[in-house]
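Notes for the structure review
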Amino acid sequence: MLRITKSRLRFIAESEGGIQDGFDGMRPSFNITGELVLCVVRSLDGLQEMPRGGTYDVKIELPYGEATDIPDHLRAGARFKLQIGSSVIATGEVVEP
């Protein structure tokens with residue numbers, strides 16, 4: 001099953017330790033409960049690149065199965081992180097679950 005949620009992301013600035021810019025179609029891990037789930041980030045503004053330090057409106061595509069409780073946490077205002085390995089590259093807030 002695929003869940004799509006509209007969100008607002010802020011990629012961590014290089015001066016704050018940010019290690020990667022974002023881009024449309026990137027596949028980081030989504031972390032809202034401490035459990036990491038692969039996701040796809042899609043720009044809602046048609047941007048191909050999302051440089052560090054900026055805030056962007058995106059949709060997050062989340063595949064999930066019956067074994068995860070992530071859908072229970074996807075409500076407006078819920079905060080989450082995007083990670084590559086153990087490194088947090090962006091923080092976000094669900095706008096529309």
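This section reports on the structure supplied with the text.

Broken down by element type, the chain carries one helix and nine strands. Reading the secondary structure of the chain in the N-to-C direction produces β-β-β-β-β-β-β-α-β-β. On C-alpha atoms alone, the chain measures out to a radius of gyration of 12 Å, which is about the 13 Å that the 2.2 N^0.38 rule sets for 97 residues. With respect to the principal axes defined by its C-alpha atoms, the chain has extents near 40 × 30 × 20 Å.

Turning to the side chain of Ser43, a few remarks are in order. For Ser43, the location among the structural elements is in strand S5 (residues 40-43). Residue Ser43 is classed as buried on the basis of its relative accessible area of 13%. Of note is the side chain of Ser43, whose polar atom sits 3.2 Å from the backbone nitrogen of Gly46. Residue contacts for Ser43: discarding those within four places in its chain leaves Asp24, Asp57 and Val58.

Per the stated rule, a full pass over the model turns up five salt bridges. Of the charged contacts, one joins Arg10 and Glu16 as a salt bridge, the two residues approaching to 2.9 Å between their closest N and O atoms. What makes Arg10 partly exposed here is its relative accessible area of 28%. Glu93 serves as the salt-bridge partner of Arg79, at 3.0 Å between the closest nitrogen and oxygen. Here Arg79 is found in strand S8 (residues 79-84), whereas its partner Glu93 is found in strand S9 (residues 87-96), with 14 residues between them in sequence.

A few words now on the sheet that holds strand S4 (residues 36-38). The strand order across the open sheet formed by seven strands is S4-S3-S8-S9-S1-S7-S5, and the pairing between neighbours is antiparallel. Single-partner strands in this sheet number two, and they are S4 and S5. Neighbour-to-neighbour, the strand axes of this sheet turn through a mean angle of 40°, independent of strand direction. In the sheet, S8 pairs with S9 via six bridges, with the strands oriented antiparallel. The partner of Arg79 across the bridge, within S9, is Glu93.

Rules used in this analysis
- Residues numbered from 1 in each chain as written.
- Predicted model: local features only at pLDDT ≥ 70, side-chain atom pairs only at ≥ 80, totals over all residues.
- Heavy atoms only, no water.
- Helix = DSSP H or I, 4+ residues; strand = E, 2+ residues; numbered from the N terminus.
- Rg over C-alpha atoms; globule rule 2.2 N^0.38 Å.
- Buried < 20%, exposed > 50% of the residue type's maximum accessible area, 1.4 Å probe, protein only.
- Polar contact = N/O pair within 3.5 Å; in protein donor to acceptor, adjacent residues only side chain to side chain.
- Contact = heavy atoms within 4.5 Å.
- Salt bridge = Lys/Arg side-chain N within 4 Å of Asp/Glu carboxyl O.
- Pairing = 2+ DSSP bridges.
- Axes fitted to C-alpha atoms, helices over the stretch in contact; angles between N-to-C directions.

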